Amino acid sequence: MSVRRVIRLPREQLTPYLLEVPPDAGAVSWSAVFGNDRPVEIEVGFGKGLFLVRSSQTRPEVNFLGVEIARKLQFFVANRVAKRNLHNVRLVCTDARHFLSKQAPAGSVQTVHVYFPDPWWKQRHRKRRVFQPDFAAACEQVLQSGGRLRVATDVEAYFEIIQATTAKHTTLILEPPPAEKPAENDLDYLSNFERKARKVGKPVWRAVYRKP
Ligand SMILES: C[S@@+](CC[C@H](N)C(=O)[O-])C[C@H]1O[C@@H](n2cnc3c(N)ncnc32)[C@H](O)[C@@H]1O
């Protein structure tokens, strides 16, 4: 994913938004990470960060943790949130499959958001897909009772796999999908990839699951 040039803030202004968790560290403490006990939502693979920026602005009462495997995107989005003083956002650069299964405390998360995960079309790359049985089980594990897993993609075949995997490997309950509302401006999309898909008229498949 190309990252357009932006005016970069000094590193010390980004530091409050960056979460460093060594891969062999145990479960994190949300109150230590955010400095409060507000509800926590996680976005897996935040890309250029539209969802995190918009959601943290419109829902300041929620803590948002973005988990992204690409370091340059972690810094790109750290600049976006630091410029807007979005103190309820933290960004960690790691494999979300590992983070959710080993480092997010069980039963602690209000919502997990997975938007437009990479489809990895080539057969030999399929194992890099985020949404696999262990990942679905980890999502269920980290959600609190009544918490939700929200998914969107423009790849119908991947959506079918996501649905089948969730049905087979979790007890999450499928809810009616959210309606697609017309965008009022360029920022009025769920994520950067949703904007890209909808602007060229591609259909978007969405699912919401609730933990019983
Ligand atoms: C197609 S982009 C979608 C970005 C964003 N969610 C959106 O909708 O605009 C997929 C993102 O997931 C990230 N990603 C892929 N595998 C990942 C993993 N195992 N853990 C965390 N992030 C991952 C990629 O680096 C990329 O930024």
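Each remark here, short or long, concerns the structure printed above.
Residues numbered from 1 in each chain as written. Predicted model: local features only at pLDDT ≥ 70, side-chain atom pairs only at ≥ 80, totals over all residues. Heavy atoms only, no water.

Below, the discussion takes up the overall build of the protein. For the protein, the count of helices and strands is 8 helices and 8 strands. Projected onto its principal axes, the C-alpha coordinates of the protein cover approximately 45 × 40 × 35 Å. The proportion of buried residues among the 212 residues of the protein is 48%. Intrachain contacts of the protein at a sequence separation of at least 6 include 79% that bridge at least 24 residues. Of the roughly 10800 Å² of accessible surface on the protein, 53% is carried by carbon and sulfur atoms. One finds the centroid of the 34 positive side-chain charges in the protein at a distance of 5 Å from the centroid of its 21 negative side-chain charges. (Helix = DSSP H or I, 4+ residues; strand = E, 2+ residues; numbered from the N terminus. Buried < 20%, exposed > 50% of the residue type's maximum accessible area, 1.4 Å probe, protein only. Contact = heavy atoms within 4.5 Å. Areas by Shrake-Rupley, 256 points an atom, 1.4 Å probe, with all protein chains shown as cover. Lys, Arg positive; Asp, Glu negative; His and termini not counted. Charge placed at Lys NZ, Arg CZ, Asp CG, Glu CD.)

Note on sheets: strands pair through backbone hydrogen bonds, and any given pair is parallel or antiparallel. The sheet built from 8 strands is open, its strands ordered β1-β4-β3-β2-β5-β6-β8-β7 with mixed pairing. Looking at which strands have only one partner, the edges of the open sheet turn out to be β1 (18-19) and β7 (173-175). Here strand β2 (residues 40-44) pairs with strand β5 (residues 109-115) via 4 bridges, running parallel. Looking at the pairing, E43 lines up with H113 of β5. Along the sheet, helix α5 (residues 96-103) makes contact with β2, β3 (63-68), β4 (89-93) and β5, crossing β2 at roughly 150 degrees. Against the sheet, helix α7 (residues 156-169) touches β6 (143-153), β7 and β8 (205-210), its axis set at about 15 degrees to β8. (Pairing = 2+ DSSP bridges. Axes fitted to C-alpha atoms, helices over the stretch in contact; angles between N-to-C directions.)

So, about helix α4 (residues 71-83). Its 13 residues place the ends of α4 19 Å apart at the C-alpha level, agreeing with the 18 Å of an ideal helix rising 1.5 Å per residue. Residue N85 follows α4 closely and has a positive phi angle near 55 degrees. (Expected span 1.5 Å × (residues − 1).)

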